[in-house]
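# Structural description and commentary
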Amino acid sequence: MKIESLKGTLLFWVLVPLAAVVAVNLWTSYLNARGTADLVTDRTLEASVRSIAEYTSVEQGMIAAQIPPSALEMFNTGHGDHVYYRVESDDGRLLAGYADVPVPKDRGPQSQPIAYQHDFRSQPMRLIAMEYPVVGAGPAVSVLVVVGVTLKAHNAMLLNIWLTAAIQQFVLLVIAGGMIGTGLTRGLAPLLRLRDAVLRRDDSDMKPFSESTQSELRPLIAALNNYMLRVHEQMEAQRRFIANAAHQLKTPLALLATQAAFAQRAGADRDREEALSALQANTMMTARLVSQLLVLSRAEPRSGARRSGRTDMVETARAVLDDFAATALKSSIELGFEEGGTPIVVPGDPVLLREMLVNLIDNALRYTPAGGSVTVSIAAEEGLCRIVIVDDGPGIPPEEQTRVFERFYRIPGSGGDGSGLGLAIVREIVETAGGTVTLAEGANGRGLAVDIRLPLAEL
Ligand SMILES: Nc1ncnc2c1ncn2[C@@H]1O[C@H](COP(=O)(O)OP(=O)(O)OP(=O)(O)O)[C@@H](O)[C@H]1O
Ligand SMILES: [Mg+2]
């Protein structure tokens, strides 16, 4: 069973068992009340029987019964009950009363009252029968006296006793419910205060909530604070990223404006030609920066681009190397590819994984001087896809090897017109794909080796 409110759930689990207890209690108090009413009725019946029995006597050798008025008056309780009696000699002769008043099957020993319940003239009745020795007639002579009374007074008494108990219990239940309700309201107040505090919070206010409260709430507040901290860090990272991106875009855009103005003013065709080709190169660089920023926001480990899709790294690398063939040729760099001839499939977005290779091969070609060599090798090793890109350029000194992965970081004095995003993009993509990337020295202690390990796709 699902109840929306915590208070409702608690009340349910307290009040339902309590109501069950009360129900059982009402039943037992009904039985008690009936026992009491039976007892009182029986006592009165017994007194009546005894007083009738005591008035039987022997007159002129015959047993005679008399009914003293007090024997019937004691039933006069104002409830309009009917009293019936039957006095019988032990040879079965009716001495007084009604011959059809029911008698018990077994008469029992003398002077022992027998109580029983029986319908008489279609009304339920309670009766007492008693065998009684007749005064002055010797011990062997006895009479049977039966007195029965309808149950109006009996039932009224039962109801009265039972209702009193029921009302007491109902009052107790109401008081208990009220007290539990108050207790719950007070107990849940800190939770509601926390809710209000969270609702009132300004979006930019990331101060942790106070943990000085009930021990049960502390873990919740700690979790909330922890969550806010992570969101805060995420927001800060995004804010920095946007600020950096805007800053990085400002320079090439300003340059574009300058180059455009220069081209406009240029008198000679040759000057204009030169200005326009510079403008075109700068435009392409800016466009690359923008596309890199887009890739970065796509590869963000927490963004929606999870490890979807499958990519054959061998085929992807071959395509990327084809694209770079002309560049390598232009800078007289030997571009090599080593692979086993079989596809190596990893889980991950093909566009992002391609972008990863593009950035690494672009770096290797860009920072390796003319005449150098760049080798890309791909192999499946120990259940991983291992990609190594080695060049024999200047390499990256160990103290810079962590920083180069930061966004917009370039080693001071690096030539060319990069924006320092390439390796940051590589790391984001590799981590999104569940792999690792490390930097090391290239062969013969020269150049750079970028070592990437990615999990293999399931077959
Ligand atoms: N193969 C390499 N050999 C030597 N230095 C490298 C190599 N790859 C990267 N670096 C150094 O690491 C720095 C960061 O590289 P990264 O690719 O992140 O940025 P970038 O190449 O400067 O710009 P972008 O790739 O965004 O156009 C570079 O500025 C460069 O100094
Ligand atoms: Mg680069």
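Residues numbered from 1 in each chain as written. Chains lettered and ligands numbered in written order. Predicted model: local features only at pLDDT ≥ 70, side-chain atom pairs only at ≥ 80, totals over all residues. Heavy atoms only, no water.

What follows deals with empty space enclosed by the protein. A water-sized probe rolled over the atoms picks out the places where empty space is left. Using the criterion set out here, one finds two cavities of 30 Å³ or more in the structure. When its volume is computed, the second largest cavity comes out at roughly 40 Å³. A class-by-class count of the residues in the lining of the second largest cavity yields two nonpolar, three polar and two charged. Summarising the domain contributions, the lining of the second largest cavity has at least three residues from each of domain 2 (218–299) and domain 3 (310–455). (1 Å grid on protein atoms, 1.4 Å probe; cavity = no way out; pocket = protein on both sides within 12 Å on 5 of 7 lines; lining within 4 Å. Points joined across faces, edges and corners; volume = space filled by probe spheres on them. Nonpolar A, V, L, I, M, F, W, Y, C, P; charged D, E, K, R; others polar. Domains from an automatic or database assignment.)

Glancing now at the site of ligand 1. Around ligand 1, a shell composed of 20 residues is seen, among which Tyr367, Arg410, Ser414, Leu421 and Leu423 lie nearest. Between ligand 1 and Arg288, the relevant distance is 2.8 Å, taken from an oxygen atom to a side-chain nitrogen or oxygen of the residue. In the model, an oxygen atom of ligand 1 is placed 3.3 Å from a nitrogen or oxygen of the Gln292 side chain. For ligand 1, the accessible surface in isolation is 600 Å², of which the surrounding protein chains cover 98%. Looking at the shell around ligand 1, the elements with two or more residues in it are helix H5 (269–299), helix H7 (350–367) and helix H8 (422–432). No other element matches H7, which puts three residues into the shell around ligand 1. Looking at the shell around ligand 1 residue by residue, the class counts come to nine nonpolar, eight polar and three charged. (Near = heavy atom within 4 Å. Polar contact = N/O pair within 3.5 Å; in protein donor to acceptor, adjacent residues only side chain to side chain. Areas by Shrake-Rupley, 256 points an atom, 1.4 Å probe, with all protein chains shown as cover. Helix = DSSP H or I, 4+ residues; strand = E, 2+ residues; numbered from the N terminus.)

With antiparallel pairing, the five strands of this open sheet are ordered in space as E4-E3-E7-E6-E5. Two strands lie at the open edges of the sheet, namely strand E4 (94–97) and strand E5 (114–120), each paired on one side alone. Adjacent strand axes in the sheet meet at a mean angle of 20° when their direction is disregarded. Sheet strands in contact with helix H1 (residues 6–54) are strand E3 (83–89), E5, strand E6 (123–133) and strand E7 (142–150), and its direction is about 45° off that of E6. (Pairing = 2+ DSSP bridges. Axes fitted to C-alpha atoms, helices over the stretch in contact; angles between N-to-C directions. Contact = heavy atoms within 4.5 Å.)

Time to look at the pairing of E3. On a regular strand, one side chain projects to one face of the sheet and the next to the other, so that they alternate. Judged by how many residues are buried, E3 sits mostly within the fold: six of seven residues are covered. For E3 and E7, the ladder comprises seven bridges, and the chain directions are antiparallel. By the bridge assignment for E7, Tyr85 is matched with Val147. Pairing of E3 with E4 involves three bridges; the strand directions are antiparallel. Note on E4: the bridge partner recorded for Arg86 is Gly97. (Buried < 20%, exposed > 50% of the residue type's maximum accessible area, 1.4 Å probe, protein only.)

The next thing to look at is a nonpolar patch on the surface. Residues Leu159, Leu163, Ile167, Phe170, Val171, Val174, Ile175 and Met179 make up a contiguous nonpolar surface patch of about 780 Å² in total accessible area. Structurally, Ile167 can be placed in helix H3 (residues 152–200). (Patch = residues over 30% accessible without salt bridge, like charges linked within 9 Å, V, L, I, M, F, W, Y side chains within 5 Å. Salt bridge = Lys/Arg side-chain N within 4 Å of Asp/Glu carboxyl O.)

The next point concerns the sheet that holds strand E9 (residues 334–338). In space, the five strands of this open sheet follow the order E9-E11-E12-E14-E13, with mixed pairing throughout. The open sheet terminates on both sides in strands that have one partner only, identified here as E9 and strand E13 (436–441). Averaged over neighbouring strand pairs, the angle between their axes works out to 15° when direction is ignored. Bridging between strand E12 (residues 384–391) and strand E14 (residues 448–455) involves seven bridges; their strand directions are antiparallel. Paired with Arg386 across the strands is Arg453, a residue of E14.

Take the nonpolar core next. Core analysis: the biggest nonpolar cluster contains 51 residues, and Met313, Met356, Leu357, Ile387, Ile452 and Leu454 have the highest contact counts within it. Top contributing element to this core by residue count: H7, with nine residues. Domain assignment of the residues forming this core places at least three in each of domain 2 (218–299) and domain 3 (310–455). For Leu454, the residues in contact, after removing those within four places along its chain, are Val346, Leu353, Leu384, Cys385, Ile387, Val430, Ala433 and Gly435. With 19 residues, the next largest nonpolar core counts Leu45, Phe75, Val147 and Val149 among its residues. (Core = buried A, V, L, I, M, F, W, Y, C linked by side-chain atoms within 4.5 Å.)

This next bit is on the packing of aromatic side chains. Summed over the entire model, instances satisfying the criterion amount to six aromatic pairs. For the pair Phe12 and Trp13, a centre-to-centre distance of 5.2 Å together with 90° between the ring planes defines the contact as edge-to-face. Owing to a relative accessible area of 26%, Phe12 belongs among the partly exposed residues under this scheme. Between Tyr84 and Phe120, the ring centres sit 4.8 Å apart and the planes meet at 75°, which makes this aromatic pair edge-to-face. In this pair, Tyr84 is assigned in strand E3 and Phe120 in strand E5, connecting sequence segments 36 residues apart. Relative accessible area serves as the criterion here: at 10%, Tyr84 is assigned to the buried category. With a relative accessible area of 4%, Phe120 lands in the buried category. A network of ring pairs unites the aromatic residues Trp27, Tyr30 and Trp162 as a single cluster. (Phe/Tyr/Trp six-rings, centres within 6.5 Å; stacked < 30°, edge-to-face > 60°.)

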